[in-house]
Amino acid sequence: MVATSFTPMASLVGGALIGLAAVLLMWATGRVAGVSGIAARLFPPYEDGEFAGRLAFVAGLVAAPLLVRLATGSLPPQTIEAGTVTLIVGGLLTGFGSVWGSGCTSGHGVCGLSRLSPRSLVATVIFVAAGMATVFVMRHWS
Amino acid sequence: MAILIQFVIGLIFGLGLIVSGMSDPAKVLNFLDVGGIPAGTWDASLAFVMAGAVAVTFIGFGYVLRRARPFFAERFYLPTRRDIDSRIVAGPAIFGIGWGVAGFCPGPALTALGFGSSSAFIFVAAMCAGMVLARFVANLPSLTRFVAPADPLET
């Protein structure tokens, strides 16, 4: 594992930006800023005519580091220790589980919690607990 | 115009992920590692990301949802279900395991693509496959025998 420093201010400001984006999306399109729902609907079956907007949102997510690099000349640290098999297993579980449970960290954890949705509260408690349990097993059970 | 706005909103979301540190899986895993509390390696930052985001959306949604309609749409599309079914338990449990395994949830994984790492690309490809599979399974005839009728008052 790689040690990381506690960054309460940067994380609070970054979180506020995420919240701002969610509010702006609700204002503009009337839809919840849930990344798993938006990404999953880039693939068929298509149920509405919002494909282009969803693609634009995802393009913005991908373009953000390019903008940061352009503006500051560098990028903050990003350490990915997982190997190929772990990445594939983690990706499959993350993709399947977030769609099966109707949302991920953004849809349930941010938008749902702020709307006081009981389903989102249950989902958030479960995915944080499952994530903590998984890391505990992987790091401390050997 | 609506498309361009959604690109800019995605950009702001991505900036938030980068500034907050969520685009770094090491930071996410150190938050999830409560077993690291005694050794002092636990990184509580992610709780502040959540707090900042929820505070802004809680207040912001209050204002936005009081408007007659969204700027580019006829109506608001809000999840209204409040029941706790098996999928709202199983889905997040599966997602949480995947999150703990690699340290990526969907948003940061997509933003990580822009960092140019091949690891992020592998994760996102697998994630998309998982998403397509979940929608396929959810739409199987054996799971869609019962559907709620469309609201008769809906125009």
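In this text, all values refer to a predicted model and were calculated from it rather than measured experimentally.

Calculation criteria
- Residues numbered from 1 in each chain as written.
- Chains lettered and ligands numbered in written order.
- Predicted model: local features only at pLDDT ≥ 70, side-chain atom pairs only at ≥ 80, totals over all residues.
- Helix = DSSP H or I, 4+ residues; strand = E, 2+ residues; numbered from the N terminus.
- Buried ≥ 20, exposed ≤ 12 C-beta atoms within 10 Å, placed from the backbone.
- Expected span 1.5 Å × (residues − 1).
- Contact = placed C-beta atoms within 7 Å.
- Nonpolar A, V, L, I, M, F, W, Y, C, P; charged D, E, K, R; others polar.
- Axes fitted to C-alpha atoms, helices over the stretch in contact; angles between N-to-C directions.
- Parallel < 35°, antiparallel > 145°, perpendicular 65-115°, else oblique.
- Left-handed = near helix turned anticlockwise from the far one by under 90°.

Asker: How should I be thinking about unusual backbone geometry in this particular structure?
Answerer: Outside of glycine, negative phi angles account for most residues, and trans bonds account for most peptide bonds. All names here are of chain A. Look at the link from Pro 44 to Pro 45: it is a cis peptide, with omega at 5°. Position of Pro 45 relative to the elements: it lies in the loop between α2 (35-40) and α3 (51-72). Although it is not a glycine, Ser 102 sits at a positive phi angle of roughly 60°. Residue placement: Ser 102 occurs in the loop between α4 (84-100) and α5 (105-114). Judged by the 24 C-beta atoms lying within 10 Å of it, Ser 102 falls in the buried class. Within the chain, Leu 116 stands out as a residue other than glycine whose phi angle is a positive 60°. Along the chain, Leu 116 falls in the loop between α5 and α6 (118-140). Residue classification places Leu 116 among the exposed residues on the basis of 9 C-beta atoms within 10 Å.

Asker: Please clarify how helix α1 (residues 8-29) of chain A should be interpreted in this entry.
Answerer: Residue pairs spaced three or four apart in an α-helix point in one direction, given the helix's 3.6 residues per turn. Given a rise of 1.5 Å per residue, 22 residues ought to cover 32 Å, and the 31 Å separating the end C-alpha atoms of α1 of chain A matches this to within 8%. At the C-terminal side of α1 of chain A, Gly 30 of chain A shows a positive phi close to 75°.

Asker: Even after reading the chapter, I still don't get the interface of chain B and chain A, so can you show me in this structure?
Answerer: Chain B puts 104 residues into the contact, and the matching count from chain A is 102 residues. Among the secondary structure elements, those contributing two or more residues to the side of chain B that touches chain A are α1 (2-20), α2 (25-32), α3 (45-64), α4 (87-102), α5 (106-113) and α6 (118-138) of chain B. The element contributing the most residues to the side of chain B that touches chain A is α1 of chain B, with 18 residues. The residue makeup of the side of chain B that touches chain A, split by class, is 71 nonpolar, 24 polar and 9 charged.

Asker: Please clarify how the packing of α5 of chain A against α3 of chain B should be interpreted in this entry.
Answerer: Running from N to C, α5 of chain A and α3 of chain B point in directions that differ by 40°, and their axes come no closer than 8 Å. The angle between α5 of chain A and α3 of chain B falls in the class oblique. The handedness of the crossing between α5 of chain A and α3 of chain B comes out as right-handed. Taking contact as the criterion, the partners of Gly 109, Val 110, Cys 111, Leu 113 and Ser 114 of chain A in α5 of chain A are, on α3 of chain B, Met 50, Ala 53, Val 54, Thr 57, Phe 58 and Phe 61 of chain B. Among the residues forming the contact of α5 of chain A with α3 of chain B, the class breakdown is 8 nonpolar, 3 polar and no charged.

Keep in mind these values describe shape, not function.
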